[in-house]
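# Secondary and tertiary structure notes
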Amino acid sequence: MSDLEEFRCFIGNLSWSTTDESLKDAFGKFGNLTEAKVVFDKYSGRSRGFGFVTFDEKKAMEDAIEGMNGLDLDGRAITVDKAQPQGPGRDRNGDRDYDRDRGSRYDRGRDLETVAAMVEVGVTVTVVTGLVPIDGLSDH
């Protein structure tokens, strides 16, 4: 983030059908929006259930938090709060920096998506929850 203060709201509990445009429509009445963005998973393409709106004035941000927190948007009671500063290892949209953090978390997520896709098309999947040491295999 630059030296300029940013008036950004985190919007949680979004409906899967909420779009950037519906965020603009809902929050635009509080002031001039510089950005309205629903965050999507970069691998599945599905909404992650949250987004951000950014205003050009602090009062507009405060009014939006006060006026929209707990209200219904696209059939869901949304949560609205001031966005926290971007932490290390995340990009501006809340995604992990997978180039830096590639490893078990990334692999597990991809494996679970693969299993979910297999189940969706009717493949029977058996999940193994523990590991057996190789020397223990001779006993079975």
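An unreviewed UniProt entry annotates the protein as RRM domain-containing protein originating from Leersia perrieri.

This part takes up the nonpolar core. Nonpolar side chains in soluble globular proteins tend to be buried together. Of all hydrophobic cores here, the largest spans 19 residues; its most connected members are Ile11, Leu23, Phe27, Val53, Phe55 and Ile78. Secondary-structure elements contributing two or more residues to this core are β1 (7–12), α1 (20–27), β2 (33–40), β3 (47–55) and α2 (58–68). If you tally residues by element for this core, the top one is α2, at 4 residues. Setting aside its immediate chain neighbours within four residues, Ile78 contacts Ile11, Gly12, Asn13, Leu14, Phe27, Met68, Asn69, Gly70, Leu71 and Leu73.

The tally for this structure, following the rule as stated, stands at 3 salt bridges. When the shortest N-O distance is used, the salt bridge between Arg8 and Glu35 registers 3.9 Å. Separated by 27 residues along the polypeptide, Arg8 in strand β1 and Glu35 in strand β2 bring together distant segments of the chain. According to the relative accessible area criterion, Glu35 is partly exposed, its value standing at 23%.

Before going further, it helps to spend a moment on the pairing of β3. Most of β3 sits out of view: 8 of its 9 residues are buried. Taken together, the 6 bridges between β1 and β3 define a ladder with antiparallel strand orientation. When the sheet's bridge partners are listed, Phe7 is paired in β3 with Phe55. Note: β2 against β3, 6 bridges, orientation antiparallel. Pairing of Val38 across the sheet is with Gly51, part of β3.

Analysis parameters
- Residues numbered from 1 in each chain as written.
- Predicted model: local features only at pLDDT ≥ 70, side-chain atom pairs only at ≥ 80, totals over all residues.
- Heavy atoms only, no water.
- Core = buried A, V, L, I, M, F, W, Y, C linked by side-chain atoms within 4.5 Å.
- Buried < 20%, exposed > 50% of the residue type's maximum accessible area, 1.4 Å probe, protein only.
- Helix = DSSP H or I, 4+ residues; strand = E, 2+ residues; numbered from the N terminus.
- Contact = heavy atoms within 4.5 Å.
- Salt bridge = Lys/Arg side-chain N within 4 Å of Asp/Glu carboxyl O.
- Pairing = 2+ DSSP bridges.

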